[in-house]
Amino acid sequence: MISQYLGFDSDYIIIGLTVVLLFLLILTIVNIVQMRRLKKSYRNFMTGKDAKNLEDTLIKRLDQVERLVVANDDNEENIKKLFRNMQYSYQRMGLIKYDAFSEMGGKLSFSLAMLDVKNNGFIINAMHTREGCYTYIKEIVEGNSIIVLSEEEQEALNRAMGNKK
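Counting restarts for each chain: residues are numbered from 1 in the order of the written sequence. Local features in this predicted model are restricted to residues whose pLDDT is 70 or higher, and side-chain atom pairs enter the listing and the counts only when it is 80 or higher, whereas totals over whole chains, interfaces and linings include all residues. Note that water and hydrogens are dropped before the side-chain values are worked out from all heavy atoms of the structure.

Undergrad: Would you explain the nonpolar core in this entry?
TA: Soluble globular proteins tend to bury their nonpolar side chains together. By convention a nonpolar core is built from buried Ala, Val, Leu, Ile, Met, Phe, Trp, Tyr and Cys residues, the set being connected through side-chain atoms within 4.5 Å. Any residue under 20% of the maximum accessible area for its type is buried, any over 50% is exposed, and the rest in between are partly exposed; the area is computed with a 1.4 Å probe on protein chains only. Listed in full, the ten residues of the largest apolar core are Ile 96, Tyr 98, Ala 113, Leu 115, Ile 123, Ile 140, Leu 149, Ala 156, Leu 157 and Ala 160. Secondary structure elements follow DSSP: runs of H or I no shorter than four residues count as helices, runs of E no shorter than two count as strands, and numbering proceeds from the N terminus. Among the elements of the structure, strand 1 (92-98), strand 2 (109-115) and helix 4 (151-161) are those that each provide at least two residues to this core. For this core, the element with the most residues is helix 4, which contributes three residues. Residues within four places of Ile 96 in sequence aside, it is in contact with Ser 109, Phe 110, Ser 111, Glu 152, Glu 155, Ala 156 and Arg 159. Contacts are assigned to residue pairs with any non-hydrogen atoms lying within 4.5 Å of each other.

Structure representation (structure tokens):
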């Protein structure tokens, strides 16, 4: 009825639908062949050397990455701790050897300045004489001493602080 109303013959409709059906059947066959190839490639991909499973390898690598992240965090904390500790260690040194008395030779006396990053520390002055050796220590706070420094002590302090005076 509808075919007569539209002016089509039912044979043409059947032929057209058959062509569409054949086209869809060919597409389905092509799709099945491609799926088989894809499954074969997937199986080959998921199986590594000597039948080693890719999933096991991925899990192993992820575990390694997690351990590296933890180790990195530990290393960062240790580095911060080292930097905090280094603030209080003596990092700068200035040494001056001299003759305390003109009759003595060999420059057996010395002034040694030891400072941290903030120029806090001490100066040891060892004076060698014929009668003995006398050692004195003076505290240094922010590059200065409350007690007057001798010329040699001041020179040792300047060397420790990096001054050329």
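Read on, since the account is not over.
Undergrad: Could you clarify how one ought to interpret the side chain of Glu 153 in this entry?
TA: Mapped onto the elements of the fold, Glu 153 is located in helix 4. You can call Glu 153 buried: its relative accessible area is 1%. Whenever a nitrogen or oxygen atom comes within 3.5 Å of another N or O atom, the pair is scored as a polar contact, on the condition that within protein one atom can donate a hydrogen and the other can accept it, and that pairs from neighbouring residues in sequence are kept only if both atoms are in side chains. A distance of 2.7 Å separates polar atoms of two side chains, one belonging to Glu 153 and the other to Lys 138. Residues contacting Glu 153, with those up to four places away along its chain left out, are Ser 111, Ile 123, Asn 125, Lys 138 and Val 148.

Undergrad: How should I be thinking about the packing of aromatic side chains in this particular structure?
TA: Pairing of aromatic rings covers Phe, Tyr and Trp, the last counted by its six-membered ring, and requires centre-to-centre distances within 6.5 Å; plane angles under 30 degrees mean stacked, over 60 mean edge-to-face, and any other angle means tilted. Applying the stated criterion to the full structure yields one aromatic pair. Residues Tyr 90 and Phe 122 carry aromatic rings whose centres are separated by 5.2 Å and whose planes lie at 85° to one another, so their mutual orientation is edge-to-face. Placement of the pair is Tyr 90 in the loop between helix 3 (54-86) and strand 1 and Phe 122 in strand 3 (residues 121-128), with a sequence separation of 32 residues. Given the relative accessible area of 43%, Tyr 90 is considered partly exposed.

Undergrad: Is there a simple way to think about the sheet that holds strand 3 in this case?
TA: The strands making up a sheet associate through backbone hydrogen bonding, with each pair oriented either parallel or antiparallel. One bridge is not enough; two strands pair if DSSP finds at least two bridges between them. Strand order across the open sheet formed by four strands is 1-2-3-4, with antiparallel pairing between neighbours. Each end of this open sheet is capped by a strand with a single partner; those strands are strand 1 and strand 4 (133-140). Taken pair by pair, the neighbouring strands of this sheet meet at an average axis angle of 10°, ignoring direction. The pairing of strand 3 with strand 4 spans eight bridges and is classified as antiparallel. Paired with Ile 124 across the two strands is Ile 137, which belongs to strand 4. Each axis is a line fitted through C-alpha atoms, taken for helices only over the stretch in contact, and angles between the N-to-C directions span 0 to 180 degrees. Lying over the sheet, helix 4 contacts strand 1, strand 2, strand 3 and strand 4, oriented at roughly 150° with respect to strand 1.

Undergrad: Looking at this structure, I do not really get the pattern of salt bridges. What am I missing?
TA: Pairs can form between side chains of opposite charge whenever their charged atoms are close. Within this document, salt bridges are pairs made up of a side-chain nitrogen of Lys or Arg and a carboxyl oxygen of Asp or Glu, the two lying within 4 Å of each other. Using the criterion set out here, one finds three salt bridges in the structure. Between Glu 153 and Lys 138 there is a salt bridge whose closest N-O contact spans 2.7 Å. With a gap of 15 residues between them, Glu 153 in helix 4 and Lys 138 in strand 4 connect regions that are remote in the sequence. Lys 138 gets classed as buried once you look at its relative accessible area, which sits at 14%.

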